[in-house]
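Secondary and tertiary structure notes
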2 protein chains.
Amino acid sequence: MSGASTITALDVVDVRFPTSRMLDGSDAMNADPDYSAAYAVLRTDESGPDGEVLDGHALAFTIGRGNDVQVAAIEALAPLVVGRDVAEIADDLGGLARRMVRDSQFRWLGPEKGIAHMAIGAVVNAAWDLAARRADRPLWQYLAEMSPQQIVDLVDFRHISDALSPDEALDLLTARVDGRAARLATLHAEGYAAYTTGPGWIGYSDDKLERLSVEAVERGYCQIKLKVGGNPVDDERRLGIARRAIGEHIGLAVDANQIWDVDQAIEWVNGLAHHDLAWIEEPTSPDDVLGHARIRAGVHPVPVATGEHMHNRVMAKQFLQAEALDVLQIDAARVGGVNENVAMLLLAAKYGVRVCPHAGGVGLCEMVQHIAMFDYLSVGASLEGRMIEHVDHLHEHFVDPVHVVQGRYRPPVGTGLNARMHTESLERYRFPDGAEWRDS
Amino acid sequence: MSGASTITALDVVDVRFPTSRMLDGSDAMNADPDYSAAYAVLRTDESGPDGEVLDGHALAFTIGRGNDVQVAAIEALAPLVVGRDVAEIADDLGGLARRMVRDSQFRWLGPEKGIAHMAIGAVVNAAWDLAARRADRPLWQYLAEMSPQQIVDLVDFRHISDALSPDEALDLLTARVDGRAARLATLHAEGYAAYTTGPGWIGYSDDKLERLSVEAVERGYCQIKLKVGGNPVDDERRLGIARRAIGEHIGLAVDANQIWDVDQAIEWVNGLAHHDLAWIEEPTSPDDVLGHARIRAGVHPVPVATGEHMHNRVMAKQFLQAEALDVLQIDAARVGGVNENVAMLLLAAKYGVRVCPHAGGVGLCEMVQHIAMFDYLSVGASLEGRMIEHVDHLHEHFVDPVHVVQGRYRPPVGTGLNARMHTESLERYRFPDGAEWRDS
């Protein structure tokens, strides 16, 4: 790492997997997803610890149509990073994230939401991959080795300071330094709990649901999750099958993927509550803070979970202020990157709410495990009731996929963010000209 | 109109105006906008009332960088409209809007927010232009001639039914039928009030501010608006200049364009309140329902206005439920088209909040005047405290621009949505290959 080096390019690939052919990933709102990635690579002219040219990889996740638009949005950010000094970027990732979010012309396209914000998230996360690889660390460790002040500097406190000031965040992080070594030992010894959504896709037959539920228990998962909201008779039957298959001691969560209105959600969930539900996830619009607060009060004691479509820290702030959720399901690729997820972890810690990341999709497990492990070490500092979603799906396309052993994520031992895909996968599934699509 | 006809194409043009060269449009958050449009045309093989081939024109407004992404997002929607029967589209615009919003793959990119949602808005609005032209009516009149049930059918009640049910909406609209003829006569006689933001851009000198403020009064505007939030000393001085220039009886609103955090907003606005403020606009993040509610309580009696970045009806619902605003500033191009704006008008009417549309930009005045006039005739049914923003800027590029006479919008007399731009303007300002950009 001698001499100044530069970000030389931002390359983006449209990658799509034809998952709709098998109804993997089907739910009440999303009938036929083709899991896709707008895959971003920050290239540099710098050599890494092992002499290879350093680069940073990350992705925005979509479910098919419009992935090309997501690609275009990431490409539109190239002028904000290409040509910049690598060390300047890597040493001030908070500055990078704030600069991108505040670009006055691009900001209009959100602000801080949807395609534009996911594009920023992909570039910011690629920069994190680059920075962690440069430091020869897995991202979770790179983050956990930062001082409280360094962590505070990552966060954009704009529009959340009424709930959490930089000073409060610093105090919170400083208080968590104590015990971190013991938590690190626990993480290495025990890993981080996983739950699985694999059995519960709405397009699966009862037989497949039962078989996969039994398998989930055998594989050591602490919880399974079923998609609901299609029709109450089916939901009742499927929950019965699942509960009988997993027994009393495994968690059984349900996920409506936003299909209900507020009053409908309360009625529907209360009708299913006798199955001892671990949580109801996305009962209504992800934008509806007040609706979630009403639902939470109306379905008590069933916990309310949401977050995979929570588009930024301002929404997280309000869900916490309004006591509208019990479980915050951060997503690695929905918001403005690692930095905004750190803001959301800090908010959750302040309000005493547990974080159970959303994952699945393409590469979401790979990326979000780092955030969850960092949360345990430095922010939330607890494993109680915490678990990361796991869908055993599409991991074969990643160079360094997640390791889930007996239902627990093992801390990644490589370097970076683990979002790097095999070159062959990128080529084969590239849309529309990869072999998988050209020949279909 | 004999025989079945078809939507044959969705053409989209990237049009940008180099407004940043003059600091027109500058505010605390947006330093150097280049007002731009992702301009959408639905083409058909149907002949209109005068024998010309019918088409529908609308646009999404952006402020420069990323307008190409907005174009790509609109283009991605072509499979949902091209090849469809024109009559089927025009006769069920509610169905069209719901179908686009619920496309399960595209939905992931929002849901119902940002670039993806603005793209839907542009296509839906182009379909409205087409339908109104087909009926040989200006859009406001085409809407106002619909029955209460037809208007209810336009609206997607998903995720707002806890605040407004279809039956309630029908009752509200039915109650407004009475008096509509008298309101129509008033509209023709008096037009609809306009206020101007022209004097108050933050990049203008004190002299220019003063001169334009005096001119605004001479031109009959009922209110002017100043951009604030850069620095309190400047704001105090500029408000003094403006108030002296316009006198006591003209409204003086201020607009912070989201620059403040919640507590800062309260303090800053209270420091300026002695200038008798007509409203404080966008004091903080447009996503922050609870923050706006706190600000509104904290700056009372200064009214709080927001809406130009309110990304959908679920947000409007919550701002109204939480009593977080006094003035709802709908925008023609931010949400999912005319249909979602009708939902927002109905919500505002139910909660008794006045609607004062955001406009300016490129073509926003042209489009939103129709919604405001329809609101007066059929929904809100009042002109009290209502006014449409007017910026006298870029209208020369439109075939049928707004007519603002002595500070009042005249009801459009042509057909359609008035978003149609001159072919020469589209060619000259097309980015990056139009003459204006190629030679710069």
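In this text the structure is predicted, and so the values were computed from the model without any measurement.

Our next topic: helix α11 (residues 206-218) of chain A. Residues and elements named next belong to chain A. Here α11 contains 13 residues, and its C-alpha end-to-end distance of 19 Å stays within 8% of the 18 Å for a straight helix at 1.5 Å per residue. Every buried residue belonging to α11 is among L209, L212, S213 and A216, and all of these are buried. The buried side chains of α11 occupy one side of the element, clustering within an arc of 110 degrees when seen end-on. Every exposed residue of α11 that faces more than 90 degrees away from the buried side is listed here: D207 and E218. Where α11 ends, the next residue or the one after it, G220, has phi of about 90 degrees, a positive value.

A few words now on the sheet that holds strand β2 (residues 36-47) of chain A. Residue and element names in this part refer to chain A. Pairing is antiparallel across the open sheet formed by three strands, whose spatial order is β1-β2-β3. Strand pairing shows two members of the sheet lacking a second neighbour, β1 (7-16) and β3 (53-62), which therefore form its edges. With direction set aside, neighbouring strand axes in the sheet form an average angle of 20 degrees. The pairing of β2 with β3 spans nine bridges and is classified as antiparallel. Bridging across to β3, L42 finds its partner in G56. In the packing of helix α1 (residues 67-75) onto the sheet, contacts are made with β1, β2 and β3, and the angle to β1 comes to roughly 175 degrees.

Take the pairing of strand β4 (residues 192-200) of chain A next. Residue and element names in this part refer to chain A. For β4, a buried count of nine out of nine residues is recorded, marking the element as mostly surrounded by other parts of the structure. Relative to strand β13 (residues 408-409), β4 runs antiparallel, the two being bridged by two bridges. By the bridge assignment for β13, A193 is matched with R408. In terms of strand pairing, β4 meets strand β11 (residues 388-390) through three bridges, oriented parallel. Across the sheet, Y195 pairs through a bridge with E389, a residue of β11. Pairing of β4 with strand β5 (residues 223-227) involves two bridges; the strand directions are parallel. Across the sheet, the residue bridging to T196 is I224, located in β5.

Take the interface of chain B and chain A next. Counting residues at the interface gives 51 residues for chain B, matched by 51 residues for chain A. Those elements that place two or more of their residues in the side of chain B that touches chain A are α1 (67-75), α5 (104-107), α6 (114-134), α13 (262-272), α14 (289-299) and α15 (313-321) of chain B. In the side of chain B that touches chain A, the residues fall into 20 nonpolar, 19 polar and twelve charged.

The transformation that overlays chain B on chain A combines an axial shift of 0.0 Å with a rotation of 180 degrees, and the residual RMSD is 0.0 Å. Such a combination of rotation and displacement between the chain copies is what one expects of a two-fold axis. Measuring from the rotation axis to each C-alpha of chain B, the shortest distance belongs to G114 of chain B, at 2.5 Å. Interface overlap between copies is the fraction of interface residues in one copy that are interface residues in the other; for chain B against chain A it reaches 100%, indicating a shared surface.

Within the largest apolar cluster, 313 residues are counted, with the highest numbers of intra-cluster contacts made by V123 of chain A together with V123 of chain B. What V123 of chain A contacts, discounting residues up to four positions off in sequence, is L10, A40, I74, L77, V81 and M100 of chain A.

This paragraph deals with the environment of G352 of chain A. All names here are of chain A. Position of G352 relative to the elements: it lies in the loop between α16 (338-351) and β10 (354-355). Exposure remark for G352: the 9 C-beta atoms within 10 Å place this residue in the exposed category. In this structure the C-alpha to C-alpha distance between G352 and D326, which are 26 residues apart in sequence, comes to 9.3 Å.

In this section: the sheet that holds strand β3 (residues 53-62) of chain B. All names here are of chain B. Strand order in the open sheet formed by three strands is β1-β2-β3, with antiparallel pairing between adjacent strands. Looking at strand neighbours, the two that pair on one side only are β1 (7-16) and β3, the edges of this open sheet. On average, each strand axis in the sheet is inclined to that of its neighbour by 20 degrees, with strand direction left out of account. Where α6 meets the sheet, it contacts β1, β2 (36-47) and β3, and its direction lies at approximately 150 degrees from that of β3.

To continue, consider the packing of helix α11 (residues 206-218) of chain B against helix α12 (residues 232-246) of chain B. All names here are of chain B. Close contact between α11 and α12 brings their axes to 8 Å; oriented N to C, the two are set at 30 degrees. When the interaxial angle is binned, α11 and α12 end up roughly parallel. α11 and α12 meet at a crossing whose hand is right-handed. On α12, the residues that touch D206, L209, E210, S213, V214, A216 and V217 of α11 are R238, I241, A242, A245 and I246. Of the residues contributing to the contact of α11 with α12, the split by class is eight nonpolar, one polar and three charged.

Basis of the calculations
Residues numbered from 1 in each chain as written. Chains lettered and ligands numbered in written order. Predicted model: local features only at pLDDT ≥ 70, side-chain atom pairs only at ≥ 80, totals over all residues. Helix = DSSP H or I, 4+ residues; strand = E, 2+ residues; numbered from the N terminus. Expected span 1.5 Å × (residues − 1). Buried ≥ 20, exposed ≤ 12 C-beta atoms within 10 Å, placed from the backbone. Arc of directions from axis to C-beta. Pairing = 2+ DSSP bridges. Axes fitted to C-alpha atoms, helices over the stretch in contact; angles between N-to-C directions. Contact = placed C-beta atoms within 7 Å. Nonpolar A, V, L, I, M, F, W, Y, C, P; charged D, E, K, R; others polar. Least-squares fit on C-alpha atoms with pLDDT ≥ 70 in both. Core = buried A, V, L, I, M, F, W, Y, C linked by C-beta atoms within 7 Å. Parallel < 35°, antiparallel > 145°, perpendicular 65-115°, else oblique. Left-handed = near helix turned anticlockwise from the far one by under 90°.

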